[in-house]
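Survey of secondary and tertiary structure
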There are 2 protein chains.
Amino acid sequence: MMDKNNYCIIMAGGVGSRFWPMSRLSKPKQFLDVLGIGQSLIQMTYNRFKTICPQENIYIVTNAIYKDLVKQQLEGIPEKCIITEPARRNTAPCITYANFKILSENENANIIVAPSDHLILNEAEFLRIVNKALAITKEQNVLVTLGIKPSYPNTGYGYIQYSKEDSMPKDNDIKKVKLFTEKPDIEMAKKFIESGDFLWNAGIFVWSLSAINKALQQYLPEVYNIFLEGMDYYNTEKEESFIDEAYTSCSAISIDYGVMEKAGNVYVIPSDFGWSDVGTWNALYQVREKDANGNSIVGKNVMTYDTKNCIVTMPKDKLVILQGLEEYIVVDSDDILMICKKDEEQRVKQFLTDVEVNTGVEYL
Amino acid sequence: MMDKNNYCIIMAGGVGSRFWPMSRLSKPKQFLDVLGIGQSLIQMTYNRFKTICPQENIYIVTNAIYKDLVKQQLEGIPEKCIITEPARRNTAPCITYANFKILSENENANIIVAPSDHLILNEAEFLRIVNKALAITKEQNVLVTLGIKPSYPNTGYGYIQYSKEDSMPKDNDIKKVKLFTEKPDIEMAKKFIESGDFLWNAGIFVWSLSAINKALQQYLPEVYNIFLEGMDYYNTEKEESFIDEAYTSCSAISIDYGVMEKAGNVYVIPSDFGWSDVGTWNALYQVREKDANGNSIVGKNVMTYDTKNCIVTMPKDKLVILQGLEEYIVVDSDDILMICKKDEEQRVKQFLTDVEVNTGVEYL
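Below is a summary of the structure that appears in this document. (Residues numbered from 1 in each chain as written. Chains lettered and ligands numbered in written order. Predicted model: local features only at pLDDT ≥ 70, side-chain atom pairs only at ≥ 80, totals over all residues. Heavy atoms only, no water.)

1. A look at the interface of chain B and chain A
Note: interface size is frequently given as the accessible area lost on complex formation between the parts. Taken residue by residue, the interface counts 34 residues in chain B and 34 residues in chain A. When chain B packs against chain A, close to 2,800 Å² is buried across both sides, 59% of that on carbon and sulfur atoms. Considering only the side of chain B, the residues that lose the most area to chain A are B:L319, B:Q323 and B:L337, jointly responsible for 25% of the buried surface there. At the junction of chain B and chain A, the tally comes to 4 salt bridges. A salt bridge links A:K318 to B:D332; the nearest nitrogen and oxygen atoms lie 2.8 Å apart. Of all elements in the fold, only β13 (301–305), β15 (319–323), β16 (328–332), β17 (336–341) and α11 (348–359) of chain B reach the threshold of two or more residues within the side of chain B that touches chain A. Ranked by residues supplied to the side of chain B that touches chain A, first place goes to β17(B) with 6 residues. Here the residues of the side of chain B that touches chain A sort into 19 nonpolar, 5 polar and 10 charged. The pairing of strand β17 (residues 336–341) of chain A with β15(B) spans 4 bridges and is classified as parallel. (Contact = heavy atoms within 4.5 Å. Buried area = accessible area lost by both parts, 1.4 Å probe. Salt bridge = Lys/Arg side-chain N within 4 Å of Asp/Glu carboxyl O. Helix = DSSP H or I, 4+ residues; strand = E, 2+ residues; numbered from the N terminus. Nonpolar A, V, L, I, M, F, W, Y, C, P; charged D, E, K, R; others polar. Pairing = 2+ DSSP bridges.)

Printed below as a string of structure tokens:
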């Protein structure tokens, strides 16, 4: 039976400039069917949580400009479950705001926080671990995060170090956290992997409303108090103008830096459920279906000749002939075409800057 | 002074499948600004002849479906100067039809016949040679063609062999033709070049109306007689239905094969006026402007990185980022994108066939 105190906060405020021009400011990554399977990442995330929480307990926190996209993509989502931010202030204000919204409804909420734009291939294992975490946080004042067992020394993620000895009394799989670290350089990342006690930080958290609010009050009072002041305004017509002001005075800070690195009651569950942050073209290439020549193609009418290991994303009805390409990203987004070698994908942000300098037009 | 008997027949019936997808059935090569200079090939051709013939003497022979395009692109063209063919029957019927239209207006016409989709870089030299030819054909019953002095053993053109000894009595530059040949293989082409008496057949002819009609009557009576029967219908409302039937009964035959290879009064002027038939992507690349990296780009917003010797044709307002491409053809035609190595361009026709087989849609 689904516990009515289970809640979910899905963070969906990103603008996804790394996947430009597939991802645009008007429709960033979380709203795209990046796998070409007929569902966007946020749709997959939302559906995944429907088996854990009642639908009316799944909250989406997103930028105000994406409210209509959310409504359109998440069928049956209650209006009250779309929390809109007037500005981007990283994860701590986002979570705090959502906490107060939930508090006004259910002070016994037990919450999973997750990004909207990650992929999880082994859903059964994911649900098993989340339910294990929820069972703990329901009873105890702890902050639990899911850490991904790393497969190679990635330098694009933060890492979590856990204590090999120290775990939950009743569950040896739930480890005490020793350290949160930022993105390491490659040498450091290699050491992390060798040590065997480092996990990738996937930004997935499980905690009771009271536990996280206690931690926020203690470690981030400057954020917590701003939202506390709005206590009387949530779910009233005064909420919007209060929030506009609150976000203006709030600084951008991550929940990792603001709370998790400081709190003493932080645990991690080492996890392996086919996770990908789908954060780069190469990561997307890894998880997308590929043909016999290693081409991963989204688009109905794409024909390839002498073409290998390319990742291709085309508008549905565009007819595309590719001859003699190897290891390229080929993306057409109607008014933009980008062709770039896969191993040069980090230059996309530079292209975007150059475009804006050259054309004087904001193309994100 | 412009001679009022000077006429021009511009042949504009091609469908230009070699430049697909830049060139489409709905707007083939002759109607495209392939150089990106603001003028289509047919506009350049038309303007070139305006200095030789009165505008009302310049006839365009094209497929009926292109009538509107011709009107739109050739400002001020009189309605009577657009001759539409109901079907494609190669050059002999096309020229014969135009001859009869002109005959009904001026039996003393002195005519230049030229394709609509070639490029001539040295217009002054071209005009000098055309005027020289017109001066001859005005007086004498001869068929003159302009042969291009070849620069390399091209296997895509027909060749004209001239007599080194035998020329016009008064003009040693106008040579008696010995032989018209079809496209040679590479060995043969090399021999042609070495011999020094072979020229490229550019499909440009100069003759008086009476000379060409005499030749047609003698060598192609089966075509000539079909159009002769319509004598009373030209420029009447019965013309269209007569022509529909005439084309149905006419076989496709080139003027080269039907007349030029057989007639005894054929002369050629060896010419060098910067001619290109712009018949392949590589030929187009040769004549288009290129940047410092050898990229020839048509399109307002195309940015290149590590990209060399490419030929790029994009819709005007498309933003395009190309990284890491060398020696490619990159063409976007709104609903079609083609990327193909320059040295594989001969495969374009195969792509088009494959597309039609795979999609069941006619994409030309």
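2. Side note on the sheet that holds strand β14 (residues 311–313) of chain A
With respect to topology, 6 strands assemble into an open sheet ordered β12(A)-β14(A)-β16(A)-β17(A)-β15(B)-β13(B), the strand pairing being mixed. The sheet is open, and its two borders are formed by β12 (296–298) of chain A together with β13 of chain B, each paired with just one other strand. The sheet shows a mean angle of 5° between the axes of neighbouring strands, taken without regard to direction. (Axes fitted to C-alpha atoms, helices over the stretch in contact; angles between N-to-C directions.)

3. What about the pattern of salt bridges?
All names here are of chain B. All told, the structure shown has 34 salt bridges over all chains when counted by the stated rule. The closest approach of N and O atoms between K67 and E79, which form a salt bridge, is 3.3 Å. Taken together, the residues K67 in helix α2 (residues 67–73) and E79 in the loop between α2 and β3 (82–85) connect sequence positions 12 residues apart. For K67, a relative accessible area of 27% translates into the label partly exposed. Taking relative accessible area as the criterion, E79 reaches 47% and is therefore assigned partly exposed. The salt bridge involving E79 is made with K71; its shortest N-O contact spans 3.5 Å. Here K71 falls in the partly exposed class, since its relative accessible area comes to 38%. (Buried < 20%, exposed > 50% of the residue type's maximum accessible area, 1.4 Å probe, protein only.)

4. Notes on the sheet that holds strand β15 (residues 319–323) of chain A
The strand order β13(A)-β15(A)-β17(B)-β16(B)-β14(B)-β12(B) describes an open sheet built from 6 strands, whose pairing is mixed. One side of each edge strand has no neighbouring strand; the edge strands of this open sheet are β13 (301–305) of chain A together with β12 (296–298) of chain B. In this sheet, neighbouring strand axes are inclined to one another by 5° on average, regardless of whether the strands run parallel or antiparallel. In this structure, β13(A) lies alongside β15(A), joined through 5 bridges in parallel fashion. When the sheet's bridge partners are listed, A:V302 is paired in β15(A) with A:V320.

5. Re the environment of B:A189
Residue and element names in this part refer to chain B. Looking at the element boundaries, A189 is found in helix α5 (residues 186–195). For A189, a relative accessible area of 0% corresponds to the buried category. For the pair formed by A189 and G156, sequence separation is 33 residues and the distance between their alpha carbons is 9.7 Å. Apart from residues lying up to four places away in sequence, A189 is in contact with P153, N154, T155, Y159 and P184.

6. Digging into the environment of A:D332
In this structure, A:D332 sits in strand β16 (residues 328–332). Not counting chain neighbours up to four residues away, the residues in contact with A:D332 comprise A:T313, A:M314, A:P315, A:K318, A:L337, B:K318 and B:D332. Of the polar contacts made by the side chain of A:D332, one reaches the side chain of A:K318; its length is 3.1 Å. (Polar contact = N/O pair within 3.5 Å; in protein donor to acceptor, adjacent residues only side chain to side chain.)

7. Points about unusual backbone geometry
Trans is the common state for peptide bonds, and a negative phi is the common state for residues other than glycine. Here A:W20 and A:P21 are connected by a cis peptide whose omega angle stands at 5°. One can find A:P21 in the loop between β1 (6–12) and α1 (41–49). Positive phi values are uncommon outside glycine, yet B:N235 reaches one of about 60°. Turning to its location among the elements, B:N235 is positioned in the loop between α7 (221–228) and α8 (239–249). A positive phi is found at B:E327, a non-glycine position, where the angle reads about 65°. As for its placement among the helices and strands, B:E327 is situated in the loop between β15 and β16.

8. A closer look at the packing of aromatic side chains
All names here are of chain A. All chains considered together, the criterion is met by 44 aromatic pairs over all chains. Judged by centre distance (5.5 Å) and plane angle (80°), the ring pair of Y152 and W200 falls under edge-to-face. Here Y152, found in the loop between β6 (143–148) and β7 (159–168), pairs with W200, found in strand β9 (residues 198–208); they are 48 residues apart in sequence, far enough to count as distant. A relative accessible area of 44% means that Y152 is categorised as partly exposed. An aromatic cluster is defined as three or more aromatic residues linked by ring pairs; in this entry it consists of Y97, F100, Y224, F227, Y233, Y234, F242 and Y247. (Phe/Tyr/Trp six-rings, centres within 6.5 Å; stacked < 30°, edge-to-face > 60°.)

9. Brief notes about the relation of the copies chain B and chain A
Of the transformation superimposing chain B on chain A, the axial component is 0.0 Å and the angular component is 179°, with the fit at an RMSD of 0.1 Å. Accordingly, the operation relating the two chain copies is best matched by a two-fold axis. No C-alpha of chain B lies nearer the rotation axis than that of B:D334, which sits 4.0 Å from it. The overlap is high: 100% of the interface residues of chain B also sit at the interface in chain A, so the same surface is used on both sides. (Least-squares fit on C-alpha atoms with pLDDT ≥ 70 in both.)

10. Re the environment of B:L228
Residue and element names in this part refer to chain B. Structurally, the position occupied by L228 is in helix α7. Residue classification places L228 among the partly exposed residues on the basis of a relative accessible area of 34%. Spatially, the C-alpha atom of L228 lies 7.5 Å from that of F100, the residues being 128 residues apart in sequence.

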